[in-house]
Amino acid sequence: MPGDRPQLPDAGAAVERVFDFYEQVLGHQREFARTVVSAGTSVFDQVTEQATKAAEAVTEHAGRSAEAVAEKTARATRSTTK
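So, how was this worked out
- In every chain, residue numbers begin from 1 and rise along the written sequence.
- At least 70 in pLDDT is required for a residue's local features to be given in this predicted model, at least 80 for side-chain atom pairs to be given and counted, and no such filter applies to totals for whole chains, interfaces and linings, which use all residues.
- Each side-chain value is derived from all of the structure's non-hydrogen atoms; neither hydrogens nor water enter the calculation.
- In this description a helix means any DSSP run of H or I spanning at least four residues, a strand means any run of E spanning at least two, and both kinds are numbered starting from the N terminus.
- Between the two quantities, the radius of gyration covers C-alpha atoms and the globule rule is 2.2 Å times the number of residues to the power 0.38.
- Buried means the residue's accessible area, taken with a 1.4 Å probe over protein chains only, is under 20% of the maximum for its type, while exposed means over 50%, and partly exposed covers the values in between.
- Residue exposure ignores everything except the shown protein chains as possible cover, and the areas themselves are Shrake-Rupley values with a 1.4 Å probe.
- His is not counted, nor are the chain ends, whereas Lys and Arg count as positive and Asp and Glu as negative.
- In plain terms, the charge of a residue is placed at NZ if it is Lys, CZ if Arg, CG if Asp and CD if Glu.
- Throughout this description, the term salt bridge denotes a Lys or Arg side-chain nitrogen within 4 Å of a carboxyl oxygen of Asp or Glu.
- A pair of aromatic rings is counted whenever rings of Phe, Tyr or Trp (Trp by its six-membered ring) have centres within 6.5 Å, and the orientation is called stacked for planes under 30 degrees apart, edge-to-face for over 60 and tilted otherwise.
- The residues that make up patches have over 30% relative accessible area and no salt bridge, and they are joined within 9 Å when like-charged or within 5 Å when they are Val, Leu, Ile, Met, Phe, Trp or Tyr.

Counting its secondary structure elements, the chain contains one helix and zero strands. The C-alpha radius of gyration of the chain comes to 36 Å, more than 25% above the 12 Å expected for a compact globule of 82 residues. Summarising its shape, the C-alpha atoms of the chain cover approximately 125 × 10 × 10 Å along the three principal directions. The buried share of the chain, reckoned over its 82 residues, is 0%. In the structure as shown, the chain presents an accessible area of about 7,700 Å², 62% of it carried by carbon and sulfur atoms. Of the side chains in the chain, 10 bear a positive and 12 a negative charge, and the two mean positions are spaced by 18 Å.

Attention shifts here to the pattern of salt bridges. Enumeration over the complete set of coordinates arrives at four salt bridges. Across the salt bridge formed by Arg64 and Glu60, the nearest N and O atoms sit 3.6 Å from each other. One end of the pair is Arg64 and the other is Glu60, both in helix α1 (residues 11-81) and four residues apart, which spans about a single turn. Judged by its relative accessible area of 47%, Arg64 falls in the partly exposed class.

Let's shift gears to the packing of aromatic side chains. Inspection of the entire model under this criterion finds one aromatic pair. Centre to centre, the rings of Phe21 and Tyr22 are 5.1 Å apart; their planes meet at 70°, and the pair counts as edge-to-face. Overall, Phe21 belongs to the partly exposed group, its relative accessible area being 46%. Overall, Tyr22 belongs to the exposed group, its relative accessible area being 52%.

A word on a nonpolar patch on the surface. On the surface, Val15, Val18, Phe19, Phe21 and Tyr22 cluster together to form a nonpolar patch covering roughly 540 Å² of accessible area. With respect to the helices and strands, the residue Val15 is situated in helix α1. Since its relative accessible area comes to 44%, Val15 is described here as partly exposed.

Locating Ala55 in the fold gives a position in helix α1. Accessibility expressed as a relative area gives 41% for Ala55, which makes it partly exposed. Note: C-alpha distance between Ala55 and Gly40 (15 residues apart in sequence) is 22 Å.

Take a look at the structure:
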C-alpha cells in the first residue's frame, strides 16, 4: 500500500540545512580567527612598546655611564698633569 511507505526526506531541504549548518560553523571560525588576530596584534604592540622603552632606558644609562667615565678620565688626567 502506498500510504504505509515512509516518506523520503526532501533532498533540497536537506542540502539547505547542511549548507546553513556549515555557514554557521564558518561564521564562528571567522569570529574566532578575528579574535585571535586582534589579540595577537595587541600583544605585538605591547611587546614592541616595552622593547622600545627598554632600549631607550639602556641607551640613556649607557650615555650616563659614558659621561661618568669621561669625567673620571678627565679628572685623572688633570691630577696627573699637575
